[in-house]
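# Descriptive analysis of the structure
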Amino acid sequence: METKSDMLRCNMCDEMVRLDDVARHLEGRNHAVKKKVAEYQEMNAQLGKKYESDTSVVNAWIRNLHEHDFV
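Here we come to the overall build of the protein chain. Within the protein chain one finds 3 helices and 2 strands. Along the protein chain, helices (α) and strands (β) appear in the sequence β-β-α-α-α when read from the amino end. The burial tally for the protein chain puts 13% of its 71 residues in the buried class. Taking the intrachain contacts of the protein chain between residues at least 6 apart in sequence as the baseline, contacts between residues at least 24 apart amount to 16%. Accessible area for the protein chain stands at about 5,900 Å²; split by element, carbon and sulfur atoms hold 55% of it.

See the structure below:
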């Protein structure tokens, strides 16, 4: 019988995952797609007016992220 302590909540997917299934869950397509969407939303937030003149390496990487599809 599973208890609440045998489960972990995935913040990305908003679902409960058994502790022994966490690795499989993280490798799954459903989680990967939701992670990609969250990264895209973060990228858009970073590229907002507030960061237009930012020349940091991280911002340069984020600006080129759209060229790669990791899913």
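Overall, the coordinates contain 4 salt bridges when judged by the stated rule. Close ionic contact of R9 with D14 constitutes a salt bridge, the shortest N to O distance being 2.8 Å. On the basis of relative accessible area, D14 is assigned to the exposed category, the value being 54%. Measuring nitrogen to oxygen at the nearest pair gives 2.7 Å for the salt bridge that ties D21 to R24. Residue D21 is classed as partly exposed on the basis of its relative accessible area of 22%. Beyond isolated ion pairs, a larger network of salt bridges with shared partners links R18, D20, D21 and R24.

A word on the environment of N11. Looking at where N11 falls in the secondary structure, it is placed in the loop between β1 (7-10) and β2 (15-18). A residue is classified by how much of its surface remains accessible, and N11, at 63% relative accessible area, is exposed. The spacing of N11 and K35 is 24 residues in sequence and 10.0 Å in space, taken between C-alpha atoms. At a separation of 2.5 Å, a polar atom in the side chain of N11 contacts the side chain of R9.

Once that is clear, we can look at unusual backbone geometry. The residue D14 is not glycine, and still its phi comes out positive at about 55°. Following the sequence through the fold, D14 ends up in the loop between β1 and β2.

Considering the arrangement of structural elements, one finds H25 in helix α1 (residues 22-27). Contact partners of H25, with chain neighbours within four places excluded, come to C10, C13, E15, V17 and H31.

Rules used throughout
- Residues numbered from 1 in each chain as written.
- Predicted model: local features only at pLDDT ≥ 70, side-chain atom pairs only at ≥ 80, totals over all residues.
- Heavy atoms only, no water.
- Helix = DSSP H or I, 4+ residues; strand = E, 2+ residues; numbered from the N terminus.
- Buried < 20%, exposed > 50% of the residue type's maximum accessible area, 1.4 Å probe, protein only.
- Contact = heavy atoms within 4.5 Å.
- Areas by Shrake-Rupley, 256 points an atom, 1.4 Å probe, with all protein chains shown as cover.
- Salt bridge = Lys/Arg side-chain N within 4 Å of Asp/Glu carboxyl O.
- Polar contact = N/O pair within 3.5 Å; in protein donor to acceptor, adjacent residues only side chain to side chain.

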